[in-house]
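Close look at the chain arrangement
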Amino acid sequence: LMHKEGLGIVKSDEKALVYYHKSAEQGHTNAQFHLGQMYFNGTGVKKDDTEAFKWYYKAAEKGQVDAQFNLGNIYLYGNGVEKDFSEAMTWYRKAAEKGHANAQFNLGDIFENGSGIGKDKQEALKWYRKAAKQGNRFAKESFKRLQGTT
């Protein structure tokens, strides 16, 4: 993290990548997540959705909430994997149940629009409410809008 952010040393994405790899290989969950980020964004390394998925998955399996959310996105949009709404929902739900506001918002959106599943206004409101309570402004707007519909 120090090399990636330049905390007390010269910022170096390449060195960060080396140290994240070492830590990730040893099973450090946050290093696995950050390594996934680097591959997904192409930071210090060629963008590689397959490698990003691999590292996010390892971290998500261990409960890293941001990795769980990112896996939801990967499955929803098909970045490096086949689109799979069921898998997207599984990972969003895991993150949402741990309080990840963006995952909660995404679940609300999926239930409202019936993306890959049937529409469920009550489930949408439930997830929008949870995200809104955490300050997610999109969830606040969506909750108000959906609450006003019949």
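By convention here, each chain's residues receive numbers from 1 onward along its written sequence. Owing to the predicted nature of the model, reporting of local features is limited to residues with pLDDT of at least 70; listing and counting of side-chain atom pairs is limited to 80 or more, with chain, interface and lining totals taken over all residues. With hydrogens and water excluded, all non-hydrogen atoms of the structure serve as input to the side-chain values.

Considerations on the overall build of the protein chain
Counting its secondary structure elements, the protein chain contains nine helices and zero strands. In this description a helix means any DSSP run of H or I spanning at least four residues, a strand means any run of E spanning at least two, and both kinds are numbered starting from the N terminus. Listed N to C, the secondary structure of the protein chain is α-α-α-α-α-α-α-α-α in terms of helices and strands. With the C-alpha coordinates of the protein chain rotated into their principal frame, the extents come out at 55 × 35 × 25 Å. Here the protein chain, with 150 residues, has 41% of them falling under the buried criterion. Contacts: residue pairs with any heavy atoms within 4.5 Å of one another. By sequence separation, contacts in the protein chain at least 24 residues apart represent 38% of the contacts at least 6 residues apart. A 1.4 Å probe rolled over the protein chains alone gives each residue an accessible area, and that area as a share of the maximum for its type sets the label: buried under 20%, exposed over 50%, partly exposed in between.

Observations concerning the pattern of salt bridges
When a carboxyl oxygen of Asp or Glu is within 4 Å of a side-chain nitrogen of Lys or Arg, the pair counts as a salt bridge. Within this structure, the stated rule accounts for five salt bridges. Between Glu123 and Lys126 there is a salt bridge, with the nearest N and O atoms lying 3.5 Å from each other. Placement of the pair is Glu123 and Lys126 together in helix H8 (residues 121–133), with a separation of three residues, close to one helical turn. Close ionic contact of Arg137 with Glu141 constitutes a salt bridge, the shortest N to O distance being 3.9 Å. Of this pair, Arg137 and Glu141 both sit in helix H9 (residues 137–147), four residues apart, which is roughly one turn of the helix.

Digging into helix H6 (residues 85–97)
The span you would expect from a helix comes to 1.5 Å times its residue count less one. Between its first and last C-alpha atoms H6 spans 18 Å; for 13 residues at 1.5 Å apiece the expected length is 18 Å, and the two agree. Of the positions making up H6, those classed as buried are Ala88, Met89, Trp91, Tyr92, Ala95 and Ala96. Where H6 is buried, its residues meet helix H4 (49–61), helix H5 (65–77), helix H7 (101–113) and H8. Between a side-chain oxygen at the N-terminus of H6 and the backbone nitrogen of Ser86 the separation is 3.1 Å; the capping residue is Asp84. Trailing H6 by a residue or two, Gly99 shows a phi angle of about 95°, which is positive. Definition of a polar contact: a pair of N or O atoms within 3.5 Å, with one able to donate and the other able to accept a hydrogen when the atoms are protein atoms, and with sequence-neighbouring residues admitted only if both atoms are side-chain atoms.

What to know about the packing of H8 against H9
Lines fitted to C-alpha atoms define the axes here, with helix axes fitted over just the stretch in contact, and angles between the N-to-C directions of these axes take values from 0 to 180 degrees. H9 packs onto H8 with a crossing angle of 145° between their chain directions and a minimal axis gap of 8 Å. Considering only the axes of H8 and H9, their crossing is left-handed. Between H8 and H9, the contacting residues are Lys121, Ala124, Leu125, Tyr128, Arg129, Ala131 and Ala132 on the first element and Ala139, Lys140, Ser142, Phe143, Arg145, Leu146 and Gln147 on the second. Take the far helix as the reference: if the near one is turned anticlockwise from it by less than a right angle, the crossing is left-handed, and if turned clockwise, right-handed.

Details of H8
With 13 residues, H8 extends 18 Å between its outermost C-alpha atoms, agreeing within 8% with the 18 Å of an ideal straight helix rising 1.5 Å per residue. Of the positions making up H8, those classed as buried are Glu123, Ala124, Leu125, Trp127, Tyr128, Ala131 and Ala132. On its buried face, H8 sits against H6, H7 and H9. The N-terminus of H8 is capped by Asp120, whose side-chain oxygen sits 3.2 Å from the backbone nitrogen of Gln122. With its phi angle positive at about 95°, Gly135 sits one or two positions after the end of H8.

Overview of the nonpolar core
Residues grouped as a nonpolar core are buried Ala, Val, Leu, Ile, Met, Phe, Trp, Tyr and Cys residues, joined through side-chain atoms within 4.5 Å. Membership of the largest hydrophobic core comes to 41 residues, with the highest contact counts inside it found for Leu35, Tyr56, Leu71, Tyr92, Leu107 and Tyr128. Of all the secondary structure elements, the ones that give two or more residues to this core are helix H2 (13–25), helix H3 (29–41), H4, H5, H6, H7, H8 and H9. Contacts of Tyr92, omitting those with residues within four sequence positions, involve Phe69, Gly72, Asn73, Leu76, Ala103, Asn106, Leu107 and Ile110.

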